[in-house]
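Here are the chains, one letter per residue:
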Amino acid sequence: MVTDIKDTAHAVEAAAVMRLLPARPRVLALGEPTHGEDALLEVRNELFQQLVEQEGYRTIAIESDCMMGLVVDDYVTSGTGTLDEVMEHGFSHPELGLGASAANRELVRWMRAYNVRADNDGRPASERLRFAGFDGPLEITHAASPRQALTALHGYLAARVDADLLPCTADTLDHLLGTDDRWTDPAAMMDPAQSVGQSAEAGRLRLLADDLVALLDQQTPHLITATSRDDWDRARLYGRTATGLLRYHYWMADTSPARMTRLCALRDSMMAHNLLAVAARGPALVHAHNSHLQREKSAMQMWEGPVEWWSAGALVSAQLGEEYAFVATALGTIRHEGVDTPPPDTVEGLLYALPADRCVIDAPRLATALGDTRPAPRVSPWFGYASLDPAHLADSDGILFLKDIPQG
């Protein structure tokens, strides 16, 4: 059996990943089974560089706030700000250390250097690398105020279309939004009664946001000529984010048993729309937790009970078909977190027996080699590591396996 599995294993290279796929995908999704390990991000960086140099990929999208990601994109494309400022202000989820990560810093530095080129002349726009955060402005403890996205969208339109076409003034938005701490109160995540999402002001804002997005669509021919397609794309991001946040806040105020299922589904729906927008400008490598990129339903045990929802990857895969590919990552050990050598009767245990420290596995071939006798699910002693589900091996196009994660 190990011999059969060995036949499915390849070196960790972009070329090996591409050979697993029928064609170059528009979205190549690389999952991770845990957050906060730079060893995983270093492999991601290596693969992205190879995809850029060998396969013509030009964008990387990661599980970080889509609005904050604009700070990083401005830096790598135009040199706006400094690297230190970008690392401080361009990444969300501080509890995961995204901005403090040495691997993320190296990614941003390399992208900027690539765009500048050795002659300091700058690459043409069509060859320039782009960065995107594709998560909503959502943290574990709270959701952001819709102010930034909503006022940015209004400002973009107010500068370029007849004032009579605008559904409201900037002052009206400011009045309805009130103070940002009304929206970001952490108490609202646990207690729906603390949320302002179903207030009269929030209801009015949802209607105005919808009207602003409609106006953006209606004025497309004028706007892409008056500014640029990139500016219009950014305005569409503002619109998606504003409407998504207002919808998320609405359901934060919900008291039904489906509340957390809706919130999880809404987050991944926002992710999916951002990924489809990224994919529209060319092939992209996407990096996020396996649970956000897998094709099968995602599940989580929460304080209100178990929840299930369709991930961003499942939603994008349903739309793009073979232009979406998913490579899950699995690990042998994370000893500093108590995750020791995997039992030999698990998928991770079988892969751990292979000689290579890291490899890419043909997941459908592995599922075939295992036949009807599927390995047991691995039970992780640490909640932060999500093991592979043996029942869904064939739903991945590949598995990136790393034997041991060193302590950072």
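Residues numbered from 1 in each chain as written. Predicted model: local features only at pLDDT ≥ 70, side-chain atom pairs only at ≥ 80, totals over all residues. Heavy atoms only, no water.

1. Let's talk about the packing of aromatic side chains
Applying the stated rule across the entire model yields 5 aromatic pairs. Measuring from ring centre to ring centre gives 6.1 Å for Phe 48 and Trp 110, while their planes differ by 80°; the resulting arrangement is edge-to-face. You can see Phe 48 sitting in helix 3 (residues 38-55) and its partner Trp 110 sitting in helix 6 (residues 102-116), a full 62 residues away along the chain. Trp 110 sits in the buried class, given a relative accessible area of 11%. Clustering of aromatic rings is evident, with ring pairs tying together Phe 48, Trp 110 and Tyr 114. Sitting over the face of the ring of Tyr 250, Arg 206 holds its NZ or CZ atom 5.0 Å from the ring centroid. Arg 262 extends its terminal NZ or CZ atom over the ring of Trp 251, reaching a point 3.9 Å from the ring centre. (Phe/Tyr/Trp six-rings, centres within 6.5 Å; stacked < 30°, edge-to-face > 60°. Helix = DSSP H or I, 4+ residues; strand = E, 2+ residues; numbered from the N terminus. Buried < 20%, exposed > 50% of the residue type's maximum accessible area, 1.4 Å probe, protein only. Lys NZ or Arg CZ within 6 Å of the ring centre and 35° of its normal.)

2. So, the sheet that holds strand 8 (residues 324-333)
In space, the 8 strands of this open sheet follow the order 1-9-10-8-2-5-3-4, with mixed pairing throughout. In the strand order of this sheet, the two ends are held by strand 1 (9-10) and strand 4 (130-135), each with one partner. Pairing of strand 8 with strand 10 (residues 398-404), which is carried by 6 bridges, proceeds in the parallel orientation. Along strand 10, the bridge assignment pairs Val 327 with Gly 398. The strands touched by helix 14 (residues 259-279) are strand 2 (27-32), strand 3 (59-65), strand 4 and strand 5 (284-289); relative to strand 4, the strand with the most contacts, the crossing angle is about 160°. (Pairing = 2+ DSSP bridges. Contact = heavy atoms within 4.5 Å. Axes fitted to C-alpha atoms, helices over the stretch in contact; angles between N-to-C directions.)

3. Brief notes about the pairing of strand 7 (residues 305-309)
A regular strand places its side chains on the two faces of the sheet in alternate fashion. With 5 bridges joining them, strand 6 (residues 298-302) and strand 7 adopt antiparallel strand pairing. Bridge pairing links Gln 301 to Pro 306 in strand 7. Following strand 6, the chain reverses through 2 residues before pairing antiparallel with strand 7.

4. A short note on the environment of Thr 77
Within the element layout of this structure, Thr 77 appears in helix 4 (residues 69-78). For Thr 77, a relative accessible area of 14% translates into the label buried. Taking the C-alpha atoms as reference points, Thr 77 and Val 116, 39 residues apart in sequence, are found 8.4 Å from one another. Beyond its immediate stretch of four places on either side in the chain, Thr 77 contacts Arg 112, Asn 115, Arg 128, Leu 129 and Arg 130. At 2.6 Å, the side chain of Thr 77 forms a polar contact with the backbone oxygen of Asp 73. (Polar contact = N/O pair within 3.5 Å; in protein donor to acceptor, adjacent residues only side chain to side chain.)

5. Structural notes on the side chain of Lys 403
With respect to the secondary-structure elements, Lys 403 resides in strand 10. This buried residue, Lys 403, is left without a salt bridge; Asp 357 holds the nearest opposite charge, at 4.9 Å. Here the side chain of Lys 403 touches Leu 354 through a polar contact of 2.8 Å, landing on its backbone oxygen. Once residues within four sequence positions are removed from consideration, Lys 403 is found in contact with Gly 332, Thr 333, Tyr 352, Leu 354, Pro 355, Ala 356 and Asp 357. (Lys, Arg positive; Asp, Glu negative; His and termini not counted. Salt bridge = Lys/Arg side-chain N within 4 Å of Asp/Glu carboxyl O.)

6. Topic: the packing of helix 13 (residues 229-252) against helix 14
Interhelical geometry of helix 13 versus helix 14 gives an angle of 175° and a closest axis separation of 9 Å. The angle between the axes of helix 13 and helix 14 places the two elements in the roughly antiparallel class. Residues Leu 237, Arg 240, Thr 241, Gly 244, Leu 245, Arg 247, Tyr 248, Trp 251 and Met 252 of helix 13 touch helix 14, and the partners they reach there are Arg 259, Arg 262, Leu 263, Leu 266, Met 270, His 273, Asn 274 and Ala 277. Here the contact of helix 13 with helix 14 is composed, by residue class, of 9 nonpolar, 4 polar and 4 charged. (Parallel < 35°, antiparallel > 145°, perpendicular 65-115°, else oblique. Nonpolar A, V, L, I, M, F, W, Y, C, P; charged D, E, K, R; others polar.)

7. Considerations on the pairing of strand 9 (residues 358-362)
The element strand 9 is extensively covered by neighbouring structure, given that 4 of its 5 residues are classed as buried. Judged from the 2 bridges that link them, strand 1 and strand 9 form a sheet pairing that is antiparallel. From the neighbouring strand, Ala 9 faces strand 9, where its bridge partner is Ile 361.

8. A short note on unusual backbone geometry
With phi around 50°, His 93 is a residue other than glycine that occupies positive phi space. Along the chain, His 93 turns up in the loop between helix 5 (83-89) and helix 6.

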